[in-house]
Every structure is written in C-alpha cells, then in structure tokens.
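In case you want the letters, here they are:
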Amino acid sequence: MDRRLKANRENWDDRVAVHTRSQFYDVEGWLQRSPGPAPRELALLGDVGGKSLVQLQCHFGLETLQWARAGARVTGVDFSPVAIDAAIELSKRAGLENSSRFVCSNVYDAAATLKGERFDIVYVTIGSLVWLPEVRPWAKVVAELLAPGGQFYLFEVHPFTNSFDADGVHLVYDYFDDPNAPQIWDNDETYTDGGALAHTRSYEWNHSLSEIVQSLIDEGLRIGALLEHDWTEFQHFPWLERDVEGIYRIPLGYPRLPLSFTLHARN
Ligand SMILES: C[S@@+](CC[C@H](N)C(=O)[O-])C[C@H]1O[C@@H](n2cnc3c(N)ncnc32)[C@H](O)[C@@H]1O
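Here the structure is a predicted model, which is why all the values come from computation and not from measurement.

Caption draft 1: Structural detail: the pairing of strand E4 (residues 119-124). With 5 of 6 residues buried, E4 lies mostly within the body of the structure. Across 3 bridges, strand E1 (residues 52-56) lies against E4 in parallel orientation. Pairing of Val54 across the sheet is with Val122, part of E4.

This is the structure in structure tokens:
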C-alpha cells in the first residue's frame, strides 16, 4: 500500500475509538432514536426496499446502517479494520446484522474485493474524497460496482471550502490539487470531541468539482443532479451558525458560498 494511505489508515484506526465514544457521533443516542436516511437523500434515491446498497468509506457504519433501516441490503467498505470491527459490533447492537455486512478494503480495490458483485446503489458521503490521491480510479470503481440501471449518490464537502485555512477566512490552499503534492497534517486531534490520536500524520488531496464530475462522466455515468449547497452538516468553519435542524449555515448578511454538494447519477 502507498505509504501515504498506510499513514492515513493508521490515523483512521485511531479515530474509530475516539469517534465511537464522541458526542459528535452520539452512538447511544443514535441507537435510541433509530434514524433512517435523511429525507433529502430518500427524495433522490426513492424507495430502497429490497435494493442492494454499498457505501464506500463507510467508517464505523452509522450511515450505512440507516439504509438497512429503510429496507436496503447494505454493504459497507472501509480500509480501517478497526472501523469494520466497530461497524459489525454496531450492526449487532442495532439489530441489523442480518441485513448488513462490512468488508475491509482499500476503496481502490473494492470492486475486486467484492468479486464483481454489483449494487443497485453506490453511496458515498461527506469526508471521503479528500483521503484519495486520485479520483479517476475511484470513479472507475464506482462504475464497476453499479448494477445496470443503478444509482450513484455522492454528498461531499464542497472542494472550494478546502482552499481556506481552518479559520475559514484566509485562502491558503490550491483549489486544483496535485496527486504528488498532498496537504500533510500532523495533528493529534480529530474533527470530533474526545481523546488524542497516537498516529498524527495524515495526507489529504483536494479534488476540484470538475475533476470529480468529469471522472464520473468519463466512466459512463449519466449525471441527473448536481446541487451546490450553502449549508453543511458539521462546523467546518468557526463562524458558521447551527440552525434548529442542526445544519451549519453562513450567518445572514454575509456572502453565500458553496459549503457542500450533492451529485446523483445513473449508469
Ligand atoms: C469521514 S469518514 C466518511 C464516512 C462518513 N461520512 C462519516 O462521517 O462517518 C472517512 C472514511 O474513509 C476511510 N478511508 C480513507 N481512505 C480510504 C481508502 N483509501 N480506502 C477505504 N477507506 C478509506 C476512513 O477509514 C474513514 O472511515
């Protein structure tokens, strides 16, 4: 494995223990509330009852399992064995072990690891693409995993926001990234509350919106929706304000910028 991905995997292995105990992910509250997928996701994907869904980079399975609650047969893929163990454990605690499975694999190897299996829905959400040096081989995997007539759903951080420093004020990073020039971080904190990480080094790559869209088009996907949002799901910048629904927005009176985006496609 690429040494940068190996460092990322060690970093993510450490994050699992912190995240599963964090208020940010609130696993106990999630088990009590038993939420399904977000209404905006259901509106795009429709009835998933009886359909097969694979989430790439599923972390410890919280989002994947929400689709099992909506009736899908779900598979989660992540390269962190610690995340996969935590996801299996969570599926049991949620009583969803019969409609879910979790597989340890580098996302670039997912189609091979799943031995040519194809899915009605390929699902990728926020905080995934920035860990990948290149999107073209990732788009190829997405296309290989899709069953004929299948749907691809992507909800991600808007890459424009990754050009800002953590303060969300200063423009410091290239929007157009280079696979050989990642952003290198040495940070014992993660994006949730909780303890420190032992493996502090991580590598991130920004991918422009056109790079993401074009790589999917080139793999034969037909994009039906591309939506840029002026809100996001987490406190990306300190000046964002949390609304009553728990969504983070730009304060009134300030210029509206894209903070996240949704893409929906079919093969
Ligand atoms: C922020 S999570 C995304 C899932 C979800 N949106 C969430 O917030 O829980 C990012 C996940 O990507 C995984 N990941 C990073 N690089 C990967 C790779 N090359 N192959 C497979 N998984 C990878 C990490 O282990 C982590 O679980």
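This is not the end of the story, as more comes after the structure.
Caption draft 2: Fine view of the sheet that holds strand E10 (residues 241-242). Here 3 strands make up an open sheet; going across it, the order is E9-E11-E10 and the pairing antiparallel. For this open sheet the edge positions go to strand E9 (231-232) and E10, each flanked by a neighbour on one side alone. The sheet contact formed by E10 and strand E11 (residues 248-249) spans 2 bridges and is antiparallel. Its bridge partner lying in E11, Arg242 is registered against Tyr248.

Caption draft 3: Layout of the pattern of salt bridges. For the coordinates displayed, the defined rule picks out 12 salt bridges. Close ionic contact of Lys6 with Glu10 constitutes a salt bridge, the shortest N to O distance being 3.1 Å. Of the two residues, Lys6 and Glu10 are both situated in helix H1 (residues 3-20); the distance of 4 residues between them amounts to about one turn of the helix. With relative accessibility at 26%, the residue Glu10 sits in the partly exposed group. Among the ionic pairs, Arg93 bridges to Glu28, the shortest N-O distance being 3.0 Å.

Caption draft 4: Up close: the packing of aromatic side chains. As enumerated under the stated definition, the model contains 15 aromatic pairs in all. Measuring from ring centre to ring centre gives 4.9 Å for Phe24 and Tyr25, while their planes differ by 70°; the resulting arrangement is edge-to-face. The class for Tyr25 is buried, based on a relative accessible area of 19%. Note on Tyr123 and Tyr153: the rings are 5.4 Å apart at their centroids and 15° apart in plane angle, and the pair reads as stacked. Of this pair, Tyr123 sits in strand E4 while Tyr153 sits in strand E5 (residues 146-157), and the two are 30 residues apart along the sequence. The exposure class assigned to Tyr123 is buried, which follows from its relative accessible area of 2%. Taken together through their ring pairs, the aromatic side chains of Trp12, Phe24, Tyr25, Phe60, Trp131 and Tyr191 make up a single cluster. One residue, Arg15, lies across the ring of Trp12, its end atom 4.5 Å from the ring centre.

What counts, and at which threshold
- Residues numbered from 1 in each chain as written.
- Predicted model: local features only at pLDDT ≥ 70, side-chain atom pairs only at ≥ 80, totals over all residues.
- Heavy atoms only, no water.
- Buried < 20%, exposed > 50% of the residue type's maximum accessible area, 1.4 Å probe, protein only.
- Helix = DSSP H or I, 4+ residues; strand = E, 2+ residues; numbered from the N terminus.
- Pairing = 2+ DSSP bridges.
- Salt bridge = Lys/Arg side-chain N within 4 Å of Asp/Glu carboxyl O.
- Phe/Tyr/Trp six-rings, centres within 6.5 Å; stacked < 30°, edge-to-face > 60°.
- Lys NZ or Arg CZ within 6 Å of the ring centre and 35° of its normal.

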